[in-house]
Structure formats: structure tokens, C-alpha cells
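Now for the letters of each chain:
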Amino acid sequence: MQLLLILLVIAGGMGLSVEAGLLGPLGGEVGDLWATFSIFGVGAALTFLLMLFFSPRNSPSFFAQPGWQLLGGVLGPIYVVILTVATPAIGVALTMIGILAGQVFKSLIIDHFGLLGTPHRKIDARRILALVFIIAALALVAQG
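Note that the coordinates shown come from a computational prediction; the quantities given were computed from them, not determined experimentally. (Residues numbered from 1 in each chain as written. Predicted model: local features only at pLDDT ≥ 70, side-chain atom pairs only at ≥ 80, totals over all residues. Heavy atoms only, no water.)

1. Digging into the overall build of the protein chain
Here is step 1 of the chain: The secondary structure content of the protein chain amounts to 5 helices and 0 strands.
Here is step 2 of the chain: Listing the helices and strands of the protein chain from first to last along the sequence gives α-α-α-α-α.
Here is step 3 of the chain: Seen through its principal axes, the protein chain has C-alpha atoms that stretch 50 × 45 × 30 Å.
Here is step 4 of the chain: Within the span of the protein chain, comprising 144 residues, buried residues form 17% of the whole.
Here is step 5 of the chain: Considering only contacts in the protein chain between residues 6 or more positions apart, those separated by 24 or more positions represent 58%.
Here is step 6 of the chain: Of the side-chain charges in the protein chain, 6 are positive and 5 negative, and the distance between the mean point of each set is 18 Å. (Helix = DSSP H or I, 4+ residues; strand = E, 2+ residues; numbered from the N terminus. Buried < 20%, exposed > 50% of the residue type's maximum accessible area, 1.4 Å probe, protein only. Contact = heavy atoms within 4.5 Å. Lys, Arg positive; Asp, Glu negative; His and termini not counted. Charge placed at Lys NZ, Arg CZ, Asp CG, Glu CD.)

Right under this line is the structure:
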């Protein structure tokens, strides 16, 4: 099961690279914020259809959840605007490696302290080494 989930998140990462590649030209045509809005509009419509047909009807109310859990709704558009602006200027590869470096760095902190309701997973030498390799990849791609 873990291997399947790893493959699934790799596929999701590939999808983000495609999204970044699509957002740059779209932002150049319609503007960065309109491109972001269109991506979220299409995503919201698709999510609504998936909820309509596949979501359990007895799930807890969305409005009963703590407000801080909705922060992703603010962070998502910021992320997409960054992709839209950065990708045409520095390319898909450098944008994605930079995003990955930031994600891994912050993820290590979240895991280590068990923030946001996640289980504790201590930072160890292997995790730090993985981050160092990602930063090295960032430097190498930036120089090339």
C-alpha cells in the first residue's frame, strides 16, 4: 500500500509540473491572477462533481471544522500565482525544484514537531541529507 501511495504522489508531482507549464503561457495571455482564477474555477467545478457523486452523505459539516484548517484555501492561490509568475522566468524545472526544496524543508519541521495535527516524525541525518541533495539539485539546475 505504501508503494502505491508513493507512486500516487509522484504522479501528483508530475501533474504539478504540467500545471506550472500550462500556467505560464496562460498567465501571459490573460494575466497571472486570471490564470490562477481559471485553474481554481475548473478545479472547484471538478471537485464539486466528484463530491456530488462520490462523497459520503453523512460526513461531518464543513462549517463545523476549525477555521485554521481552511488556511490551505489561502495558501493554494498564493502557490499558483508563484508558479504562474516564476515558471516563464526561470523554467519549469527550476521552479519545481525550488518548490520541492521549500516543501521538504517545511515538511521536516512540521513532522519533527507534529504541527497541524500530524504525528511526530523526528528529523534524522537521512532526512537532512535528503534536503541537502535537493538543495544541491536546485543549485546545479540554477547554474545550468
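There's more to say after this.
2. Considering the side chain of Thr36
Here is step 1 of the chain: By secondary structure assignment, the location of Thr36 is in helix H2 (residues 32–54).
Here is step 2 of the chain: Using a relative accessible area of 5% as the deciding quantity, one classes Thr36 as buried.
Here is step 3 of the chain: Beyond its immediate chain neighbours, meaning those up to four positions away, Thr36 contacts Pro77, Val80, Val81 and Thr84.

3. Description of the environment of Ser55
Here is step 1 of the chain: If you trace the backbone, Ser55 turns up in the loop between H2 and helix H3 (72–90).
Here is step 2 of the chain: Taking relative accessible area as the criterion, Ser55 reaches 27% and is therefore assigned partly exposed.
Here is step 3 of the chain: For the pair formed by Ser55 and Gln103, sequence separation is 48 residues and the distance between their alpha carbons is 29 Å.

4. Overview of unusual backbone geometry
Here is step 1 of the chain: Phi is positive for Leu116, which is not a glycine, with a value near 60°.
Here is step 2 of the chain: Structurally, Leu116 can be placed in the loop between helix H4 (92–113) and helix H5 (125–143).

5. Some points on the UniProt feature "transmembrane region" (unreviewed entry) in the protein chain
Here is step 1 of the chain: Those residues carrying the UniProt feature "transmembrane region" (unreviewed entry) are residues 33–54, 74–105 and 125–142 in this numbering.
Here is step 2 of the chain: Span residues 33–54 is 100% helix and 0% strand, its end C-alpha atoms 31 Å apart. (UniProt positions renumbered as here; feature names shortened; annotations may be inferred.)

6. With respect to the nonpolar core
Here is step 1 of the chain: Among the nonpolar cores identified, the biggest contains 7 residues, and these are Ala20, Leu23, Ala35, Val80, Leu83, Met96 and Ile99.
Here is step 2 of the chain: Put simply, the parts of the chain that give this core at least two residues each are helix H1 (2–30), H3 and H4.
Here is step 3 of the chain: When sequence neighbours within four positions are dropped, the list of residues in contact with Val80 reads Leu23, Thr36 and Phe40. (Core = buried A, V, L, I, M, F, W, Y, C linked by side-chain atoms within 4.5 Å.)

7. Brief notes about the side chain of Thr87
Here is step 1 of the chain: Looking at where Thr87 falls in the secondary structure, it is placed in helix H3.
Here is step 2 of the chain: The exposure class of Thr87 is buried, given its relative accessible area of 6%.
Here is step 3 of the chain: With sequence-adjacent residues up to four places away left out, Thr87 is seen in contact with Ala20, Gly21, Ile82, Val92 and Thr95.

8. Quick notes on H4
Here is step 1 of the chain: The terminal C-alpha atoms of H4, which comprises 22 residues, lie 32 Å apart, in line with the 32 Å expected from a rise of 1.5 Å per residue.
Here is step 2 of the chain: Downstream of H4 by one or two residues, Gly114 has phi in the positive range, about 65°. (Expected span 1.5 Å × (residues − 1).)

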